Every structure is written in structure tokens, then in C-alpha cells.
Amino acid sequence: MALYSEKVMDHFRNPRNVGVIENADGVGKVGNAKCGDIMEIYLKIDNDIITDAKFETFGCGSAIASSSMATEMIKGKPVSEAAQLTNKAVTEALDGLPPQKIHCSVLAEEAIKKALDDYYQKNGESK
Ligand code: FES
């Protein structure tokens, strides 16, 4: 079996939603101290719906594929639903990641949660 699924390779080679959102409603930046990879997620939120999501990931292919898939999964969703997104769901949507690459998908979950925290803070709402 190939180490990486076709979906991982596809999202790594053609990542969706790469970039920055100016005046984003929520921004979340996380890093993994061990591998040194950094992921930043930007959210545009209208009436509690995520209307756009973009990312910049300075990291490995699995981190890029995870951020691409994660941003696709939360676009158009209510913030309450996006807050429930787990790294497990991202990994499953990618048809799996090698065990030593699971932490890359955790970055995506954390970055989205941080961006949502930023949104809640800016809007003075409690979670
Ligand atoms: Fe660290 Fe992938 S190796 S994010």
C-alpha cells in the first residue's frame, strides 16, 4: 500500500484555499514545536456562517493536505459545527495518514479552533 492516499497527494499537489484573507473575522496560528511546522488559518464569517476559509502552511505535505481538506470541510458551515471538527474527521476525509503524520492533522484542528476563538473574542461572545 502506498504511504499516502490519493486524496492526500491530490490536496498536497493542488491545495485548495491557499492564501490570506484581508480583514479576516478570525485568525488562528499554531505550530508544532517538534517538527517546526507552522499553520495559519483565516476565516471570513457572516451571521455565524463561515463564508470563506484560507490557509498558509509552512510545513510538510501532510500538513498542507490537512489544511486544504479542513478548510474545504468548514466552508459554508455554521461556526458551531466548525468548532466540532476533529483531526480524526480530517484524517478520515483524506483516506488516512501514516501514524507518524497524524500530528499534522492535529495542527489543522487546532488552527481552526484558534481562529474561532479569535472570532469569539472579537465579537465578545463566550463559547
Ligand atoms: Fe509536522 Fe507534518 S511533520 S506538521
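Residues numbered from 1 in each chain as written. Predicted model: local features only at pLDDT ≥ 70, side-chain atom pairs only at ≥ 80, totals over all residues. Heavy atoms only, no water.

1. Describing the side chain of Ser62
Okay, step 1: Looking at the element boundaries, Ser62 is found in helix H2 (residues 61–74).
Okay, step 2: You can call Ser62 buried: its relative accessible area is 2%.
Okay, step 3: Sequence-distant contacts of Ser62, defined by excluding residues within four places in its chain, comprise Tyr4, Leu97, Lys101 and Cys104. (Helix = DSSP H or I, 4+ residues; strand = E, 2+ residues; numbered from the N terminus. Buried < 20%, exposed > 50% of the residue type's maximum accessible area, 1.4 Å probe, protein only. Contact = heavy atoms within 4.5 Å.)

2. Quick notes on the pattern of salt bridges
Okay, step 1: Tallied over the full model, the rule gives seven salt bridges.
Okay, step 2: We note a salt bridge from Lys75 to Glu72, for which the minimum N-O separation is 3.9 Å.
Okay, step 3: Exposure remark for Lys75: the relative accessible area of 31% places this residue in the partly exposed category.
Okay, step 4: Residue Glu72 is classed as partly exposed on the basis of its relative accessible area of 36%.
Okay, step 5: For Glu92, the salt bridge goes to Lys88, with nearest N and O atoms at 3.2 Å. With Glu92 and Lys88 both in helix H4 (residues 87–93) and four residues apart, this pair spans about one turn of that helix. (Salt bridge = Lys/Arg side-chain N within 4 Å of Asp/Glu carboxyl O.)

3. A word on the packing of H2 against helix H5 (residues 102–122)
Okay, step 1: Look at H2 against H5: their axes get within 8 Å of each other, and the N-to-C directions meet at 40°. With respect to H5, the axis of H2 lies oblique. In the packing of H2 onto H5, the handedness of the crossing is right-handed. Within the contact between the two elements, H2 uses Ser62, Ala63, Ser66, Ser67, Ala70 and Ile74 and H5 uses Cys104, Ser105, Ala108 and Ile112. (Axes fitted to C-alpha atoms, helices over the stretch in contact; angles between N-to-C directions. Parallel < 35°, antiparallel > 145°, perpendicular 65-115°, else oblique. Left-handed = near helix turned anticlockwise from the far one by under 90°.)

4. A short note on the nonpolar core
Okay, step 1: If you look at the biggest cluster of nonpolar residues, it comprises 32 residues, and the most contacted ones within it are Met39, Ile41, Leu43, Ile50, Ile74 and Leu116.
Okay, step 2: Contributions of two or more residues to this core are made by strand S2 (38–46), strand S3 (49–58), H2, helix H3 (79–82), H4 and H5.
Okay, step 3: Top contributing element to this core by residue count: H5, with nine residues.
Okay, step 4: Excluding its chain neighbours within four sequence positions, the residues that come into contact with Leu116 are Leu43, Ile45, Ile50, Val79, Ala82 and Ala83. (Core = buried A, V, L, I, M, F, W, Y, C linked by side-chain atoms within 4.5 Å.)

5. Considering the environment of Ile41
Okay, step 1: By the secondary structure assignment, Ile41 is in strand S2.
Okay, step 2: The class of Ile41 is buried, set by a relative accessible area of 0%.
Okay, step 3: Expressed as a C-alpha distance, the spacing of Ile41 and Gly124, which sit 83 residues apart in the sequence, is 20 Å.
Okay, step 4: Setting aside its immediate chain neighbours within four residues, Ile41 contacts Gly26, Val27, Gly28, Lys54, Phe55, Thr71, Ala108, Ala111, Ile112 and Ala115.

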